[in-house]
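A structural walkthrough
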Amino acid sequence: MKKFVCLALPMLAASALAHAEDFYLGANLSSATRGNIQSVDGATKVEQGQSKKGLPYGLYAGYALSKDWAVEAGYRGEAGAATFKLPQNYQMKMHTNAAYLAARGNWALNEDWTLFGKIGIARGEAKAEISGKNSPPAEKFSRTGAYLSVGAAYQVAKGVALDVQLEHTDKLKRDGLVANMDRIALGVKLDF
């Protein structure tokens, strides 16, 4: 996935240097997602919530092909990790991230408000680490799948917009672990 980001962002940046006015950058934050672990103790299902949450963030860059269409690449990660306390003094930390490449369609409602939608492909990755006596090695798992997003942007100044978007990528699953990467993000977009 890092190779994907390392290739996509420089390609967008290089093409944008030729037409700097068509290039844009953005960043966003989300609220920390709630996670839980379900286990069975005898005949009883036990649900354990997070003891610590990571702060999801996103960075993206795009190139406007026209007023209504753009191509965009981005990265979503977490500052920190979701942490779960497990029985017998074990602890599990879960790190997730995703990179995407998408087509973006913009629909201007007026001079200030724009609706947008994105469709593309994303590569998600999760890493689960269990700490404690005789704990197993860290486990990584990933998935490539669809990336979808819808949102609205409000132009606050020339070249500066605040936006809110709902992002969806395929869930990451492995051996009973499921990482849901869907989120609502608030951010800022800068046009050059």
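Residues numbered from 1 in each chain as written. Predicted model: local features only at pLDDT ≥ 70, side-chain atom pairs only at ≥ 80, totals over all residues. Heavy atoms only, no water.

**Side note on the pattern of salt bridges**
Tallied over the entire structure, the rule returns 6 salt bridges. Close ionic contact of Arg104 with Glu72 constitutes a salt bridge, the shortest N to O distance being 3.3 Å. Residue Arg104 is found in strand β7 (residues 90-108), and its partner Glu72 is found in strand β5 (residues 69-79); the two are separated by 32 residues along the sequence. By the burial criterion, Arg104 is buried, and Glu72 matches it. Across the pair Glu167 and Arg183 runs a salt bridge whose closest N-O atoms are separated by 2.8 Å. Of this pair, Glu167 sits in strand β10 (residues 160-169) while Arg183 is found in strand β13 (residues 183-191), placing the two residues 16 residues apart along the sequence. Because the salt bridges share partners, they merge into one network encompassing Glu72, Arg104 and Lys118. (Salt bridge = Lys/Arg side-chain N within 4 Å of Asp/Glu carboxyl O. Helix = DSSP H or I, 4+ residues; strand = E, 2+ residues; numbered from the N terminus. Buried < 20%, exposed > 50% of the residue type's maximum accessible area, 1.4 Å probe, protein only.)

**A closer look at the packing of aromatic side chains**
To describe a pair of aromatic rings, you give the distance between the ring centres and the angle between the ring planes. Counted by the stated rule, this structure contains 6 aromatic pairs. Arranged with centres 6.3 Å apart and planes meeting at 70°, the rings of Tyr24 and Tyr60 form a pair that is edge-to-face. Of this pair, Tyr24 sits in strand β1 (residues 23-30) while Tyr60 sits in strand β4 (residues 55-64), and the two are 36 residues apart along the sequence. Across the pair, Tyr60 and Tyr24 agree in class, each one buried. Geometry around Phe116 places Arg104 over its ring, the cationic atom sitting 4.0 Å from the centre. Here the basic side chain of Lys189 rests over the ring of Tyr24, its NZ or CZ set 4.6 Å away from the ring centre. (Phe/Tyr/Trp six-rings, centres within 6.5 Å; stacked < 30°, edge-to-face > 60°. Lys NZ or Arg CZ within 6 Å of the ring centre and 35° of its normal.)

**Points about the environment of Leu148**
Among the structural elements, Leu148 can be located in strand β9 (residues 139-157). Note: C-alpha distance between Leu148 and Asp170 (22 residues apart in sequence) is 9.5 Å. Those residues in contact with Leu148, other than ones at most four positions away along the chain, are Lys118, Ile119, Leu166, Glu167 and His168. (Contact = heavy atoms within 4.5 Å.)

**Digging into the side chain of Asn28**
Within the secondary structure layout, Asn28 lies in strand β1. Among the residues examined, Asn28 registers a relative accessible area of 5% and is labelled buried. Within the structure, the side chain of Asn28 is placed 2.8 Å from the side chain of Arg183, a separation counted as a polar contact. When near neighbours in sequence (up to four residues on either side) are disregarded, Asn28 contacts Pro56, Tyr57, Gly58, Tyr60, Gln165, Arg183, Ala185, Leu186 and Gly187. (Polar contact = N/O pair within 3.5 Å; in protein donor to acceptor, adjacent residues only side chain to side chain.)

**Description of the nonpolar core**
In this structure, Ala82, Phe84, Met92, Met94, Ala98, Ala126, Ala128, Phe141, Leu172, Ala179 and Met181 together form the largest nonpolar core, which totals 11 residues. Mapped onto this core, the elements with two or more residues apiece are β6 (82-86), β7 and β8 (113-131). The greatest single-element share of this core, amounting to 3 residues, is contributed by β7. Counting residues in each nonpolar core, the second largest holds 7 residues, with Tyr60, Ala70, Tyr100 and Tyr147 among its members. (Core = buried A, V, L, I, M, F, W, Y, C linked by side-chain atoms within 4.5 Å.)

**Here we look at the pairing of β9**
Strand direction decides the pairing type here: β8 and β9, joined by 16 bridges, are antiparallel. Opposite Lys127, over in β9, you have Lys140 as the bridge partner. The sheet contact formed by β9 and β10 spans 10 bridges and is antiparallel. Each bridged residue has a counterpart across the sheet, and for Ala152 the counterpart in β10 is Val164. (Pairing = 2+ DSSP bridges.)

**Considerations on a nonpolar patch on the surface**
Residues Leu65, Trp69, Trp107, Leu109, Trp113, Leu115, Tyr154, Val156 and Leu162 make up a contiguous nonpolar surface patch of about 930 Å² in total accessible area. Listed by contribution, the elements that provide at least two residues to the nonpolar patch are β8 and β9. Here Leu65 shows up in the loop between β4 and β5. Overall, the relative accessible area of 59% leaves Leu65 in the exposed class. (Patch = residues over 30% accessible without salt bridge, like charges linked within 9 Å, V, L, I, M, F, W, Y side chains within 5 Å. Areas by Shrake-Rupley, 256 points an atom, 1.4 Å probe, with all protein chains shown as cover.)

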